[in-house]
Amino acid sequence: MKLKFHTLDVFTSRKFHGNPLAVVLDADGLTGERMQTIAREFNLSETIFVMKPEDPRNTARVRIFFPRGEMAFAGHPTVGCAVLLAEGKHKAGCSFETEIRLEENAGLVPVRVSRIGGAARAMFTAPVLPFRVDAKLPDAAAIAGALGLTEEEIGFGGHRSGLNEGGPRCLHVPVASRAALARAWPREPHWTALVEPLGTDMAYLYTPGGDNPGTSFRARMFSPGGGIPEDPATGSATAILTAQLLAFEGLGDGRHEWRIEQGYEMGRPSDLALEADVDAGKLTAVRVGGCAVAMMQGT
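A brief look at the structure comes next. Throughout, residues of each chain are indexed from 1 in the direction in which the sequence is written. Per-residue local features are limited, in this predicted model, to residues with pLDDT of at least 70; the limit for side-chain atom pairs, both in listing and counting, is 80 or more; totals at the level of whole chains, interfaces and linings are taken over all residues. Side-chain measures here rest on the full set of heavy atoms in the structure, leaving out hydrogens and waters.

### Some remarks on the pairing of strand 4 (residues 60-66)
No. 1: Buried, partly exposed and exposed residues are distinguished by accessible area as a fraction of the type maximum, computed with a 1.4 Å probe on protein chains only: under 20%, between the cut-offs, and over 50%, respectively. Numbering of helices and strands starts at the N terminus; helices are DSSP runs of H or I of at least 4 residues and strands are runs of E of at least 2. Here strand 4 lies mainly inside the structure; six of its seven residues are buried.
No. 2: When DSSP finds two or more bridges between two strands, those strands count as paired. In the sheet, strand 4 pairs with strand 5 (residues 69-71) via three bridges, with the strands oriented antiparallel. Looking across to strand 5, one finds that isoleucine 64 is bridged to methionine 71.

The following block contains the structure:
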């Protein structure tokens, strides 16, 4: 069996930036076990496998794997795959706007894709609305110890750490400064003792501001237990961040927009657009978007 694959850099308009992604096409004949083996071979944070849709009204059925398991939903594979499929339907260099509909394990994910004079951009609507998990969290000292920070460096303004879910489950940790964010790194055995009781291995750290004056937050995401020591850009954790922002920023009804920087500390600058619709104090829709650029292809 010979299958075509492509790699893209996602959440960036520049090659060798953003989060690398592998896309394997025509994967209907692969078992889940074989997909996992191929994902380990690529050894990227995620690999997405494209198959025929179960519903002909949709574009494709997809499965997403990280090096040590399968994910029901992930953001950067969704964006990169949608850009690849959309560009394959249009002539190179021509502008377009279209919708790609991906059947993921978490549900149907609609993605708006456009290309107008530059790199293609995609924005997906999260298949699961993020929500806060009712759980007793470790105190700031324990969280700081697991990240090599001081207790005073955990939190800013009214923000406190929170456990949130929206497909994946993620521990969101507000950090007081960019300097503290840059020093953070999972420390064992404190890290495992922190995250295992919470039912996750993902910790998403964020602090106000960034290199671009319009940036809302600079972020980093660690998931060493999942085979991802640090992720350059995490669309799912960014989407779930809206539950954190709803809790600690008192979002009013209407549409809210943020710009997120991630991956800068590891030399893979990524830029993500985040949107949330709020009605009667509750999230009603969450969208995450960014650019993607083709890198390699093969068999």
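### Re the pairing of strand 3 (residues 47-51)
No. 1: Within strand 3, five of the five residues are buried, leaving the element largely enclosed by the surrounding structure.
No. 2: Where strand 2 (residues 19-24) and strand 3 come together, three bridges link them in parallel fashion. Paired with alanine 22 across the strands is threonine 47, a residue of strand 3.
No. 3: Alignment of strand 3 against strand 4, held across five bridges, turns out to be antiparallel. Bridged to isoleucine 48 within strand 4 is isoleucine 64.

### Things to note about the nonpolar core
No. 1: Only buried residues count toward a nonpolar core. Its members are Ala, Val, Leu, Ile, Met, Phe, Trp, Tyr and Cys residues joined through side-chain atoms within 4.5 Å. Core analysis: the largest hydrophobic core is formed by 57 residues, its most contacted members being Val23, Val113, Tyr204 and Ile260.
No. 2: Top element by residues in this core is helix 2 (residues 75-87). It accounts for seven residues.
No. 3: Contacts are assigned to residue pairs that have any heavy atoms within 4.5 Å of one another. Not counting residues up to four positions away in its chain, the partners in contact with valine 23 are Lys4, Phe5, His6, Leu8, Ile48, Val50, Cys81 and Leu84.
No. 4: Counting 21 residues, the second-largest nonpolar core is a separate cluster that includes Leu147, Leu149, Val173 and Leu194.

### As for the pattern of salt bridges
No. 1: For salt bridges, the criterion is a side-chain nitrogen of Lys or Arg within 4 Å of an Asp or Glu carboxyl oxygen. Counted under the stated rule, the structure contains 18 salt bridges.
No. 2: Among the salt bridges present, the one from arginine 218 reaches aspartate 211, with a minimum N-O distance of 3.0 Å.
No. 3: Measuring nitrogen to oxygen at the nearest pair gives 3.2 Å for the salt bridge that ties arginine 255 to aspartate 277. Placement of the pair is arginine 255 in strand 15 (residues 254-262) and aspartate 277 in strand 16 (residues 270-279), with a sequence separation of 22 residues.
No. 4: Assessed through its relative accessible area of 53%, arginine 255 is described here as exposed.
No. 5: A relative accessible area of 16% places aspartate 277 in the buried class.

### What about the side chain of glutamine 262?
No. 1: Mapping glutamine 262 onto the fold places it in strand 15.
No. 2: We define a polar contact as two N or O atoms separated by no more than 3.5 Å, with the added condition that, inside protein, one atom must be a possible hydrogen donor and the other a possible acceptor, whereas residues neighbouring each other in sequence contribute only through side-chain atom pairs. For glutamine 262, the side chain forms a polar contact with the side chain of threonine 234, separated by 3.0 Å.

### Points about the packing of aromatic side chains
No. 1: Each Phe, Tyr or Trp ring, with Trp reduced to its six-membered ring, pairs with another whose centre is within 6.5 Å; inter-plane angles below 30 degrees give stacked pairs, above 60 give edge-to-face pairs, and intermediate values give tilted ones. The tally for this structure, following the rule as stated, stands at six aromatic pairs.
No. 2: Joined through ring pairs, the aromatic side chains of Phe156, Tyr206 and Phe217 make up one cluster.

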